[in-house]
Amino acid sequence: QVQLVESGGGLVQPGGSLRLSCAASGSIFSINAMGWYRQAPGKQRELVATIASGGSTNYADSVKGRFTISRNNAKNTVNLQMNSLKPEDTAVYFCNADGLLYTNLGGHPFRSWGQGTQVTVSS
């Protein structure tokens with residue numbers, strides 16, 4: 001199995017910054033795409049940002065210009081630098097990864113989710 005562990009969440013004032021990190025572990029052959037999603041109370045989970053193995057990125061309109069996603073392919077980690085935080089950014093942030101894992105029969109696709117880390121932007 002593949003496990004993802006998020007860290008870096010916490011309480012921050014509006015306009016402040018936080019950096020989220022996610023580390024993947026397990027019998028990983030490769031990770032194609034990694035991303036961050038968030039879910040606020042009473043709302044659906046939404047995509048925040050994704051990054052492919054080649055470095056291409058995609059951001060939700062609400063975070064463009066404020067958030068930056070990056071990854072280290074060798075370490076199987078992904079980060080989310082969040083600047084100019086707003087109260088609307090308050091949510092549980094989840095890390096996601098899609099790729100291939102080792103098996104005796106070859107590579108098998110996987111999709112894994114972290115347990116989430118709370119980000120609270122107070123007003």
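Please refer to the structure placed before this passage.
Computed from a predicted model, the values in this text were never measured in an experiment.

**Student:** What should I look at first to understand the pattern of salt bridges in this one?
**Tutor:** Pairing of side chains with opposite charge becomes possible as their charged atoms draw close. Enumeration over the complete set of coordinates arrives at five salt bridges. Among the ionic pairs, R38 bridges to E46, the shortest N-O distance being 2.8 Å. Note on R38: relative accessible area 6%, which makes it buried. Through salt bridges with shared partners, a single ionic network connects R38, E46, R66 and D89.

**Student:** Help me understand the environment of V5 in this model?
**Tutor:** You can see V5 is positioned in strand β1 (residues 2-7). Overall, V5 belongs to the exposed group, its relative accessible area being 52%. Beyond its immediate stretch of four places on either side in the chain, V5 contacts S21, C22 and A23.

**Student:** Sorry, what's going on with the state of the cysteines here?
**Tutor:** Structurally, a disulfide amounts to a covalent bond that connects the sulfur atoms of two cysteines. Using the criterion set out here, one finds one disulfide in the structure. Paired by a disulfide, C22 and C95 hold their sulfur atoms 2.1 Å apart. A torsion of -85 degrees about the S-S bond marks the disulfide between C22 and C95 as left-handed. Taken as a pair, C22 in strand β3 (residues 18-26) and C95 in strand β9 (residues 91-103) lie far apart in primary sequence, 73 residues in all. Taking relative accessible area as the criterion, C22 reaches 1% and is therefore assigned buried.

**Student:** Help me understand the layout of surface pockets in this model?
**Tutor:** Empty space among the atoms can be located by rolling a probe the size of a water molecule over them. Estimated volume of the largest pocket: approximately 150 Å³. Considered class by class, the residues forming the lining of the largest pocket number two nonpolar, three polar and five charged.

**Student:** So what exactly am I meant to see when it comes to the sheet that holds β3 here?
**Tutor:** Strand pairing in a sheet takes place through backbone hydrogen bonds and is either antiparallel or parallel in direction. Within the open sheet, the four strands sit side by side as β1-β3-β8-β7. Their pairing is antiparallel. Two strands in the sheet have a free side with no partner beyond their single neighbour: β1 and β7 (67-72). Adjacent strand axes in the sheet meet at a mean angle of 15 degrees, parallel and antiparallel pairs treated alike.

**Student:** What is the right way to read the packing of aromatic side chains from this model?
**Tutor:** Any pair of aromatic rings gets described here by the distance separating the centres and the angle formed by the planes. Here the structure, examined in full by the defined rule, presents two aromatic pairs. Positioned over the ring face of F94 is R45, at 3.8 Å from the centre of the ring. Note that R45 overlies the ring of W113, its terminal NZ or CZ placed 4.8 Å from the centroid.

Criteria and thresholds
- Residues numbered from 1 in each chain as written.
- Predicted model: local features only at pLDDT ≥ 70, side-chain atom pairs only at ≥ 80, totals over all residues.
- Heavy atoms only, no water.
- Salt bridge = Lys/Arg side-chain N within 4 Å of Asp/Glu carboxyl O.
- Buried < 20%, exposed > 50% of the residue type's maximum accessible area, 1.4 Å probe, protein only.
- Helix = DSSP H or I, 4+ residues; strand = E, 2+ residues; numbered from the N terminus.
- Contact = heavy atoms within 4.5 Å.
- Disulfide = S-S within 2.5 Å.
- 1 Å grid on protein atoms, 1.4 Å probe; cavity = no way out; pocket = protein on both sides within 12 Å on 5 of 7 lines; lining within 4 Å.
- Points joined across faces, edges and corners; volume = space filled by probe spheres on them.
- Nonpolar A, V, L, I, M, F, W, Y, C, P; charged D, E, K, R; others polar.
- Pairing = 2+ DSSP bridges.
- Axes fitted to C-alpha atoms, helices over the stretch in contact; angles between N-to-C directions.
- Phe/Tyr/Trp six-rings, centres within 6.5 Å; stacked < 30°, edge-to-face > 60°.
- Lys NZ or Arg CZ within 6 Å of the ring centre and 35° of its normal.

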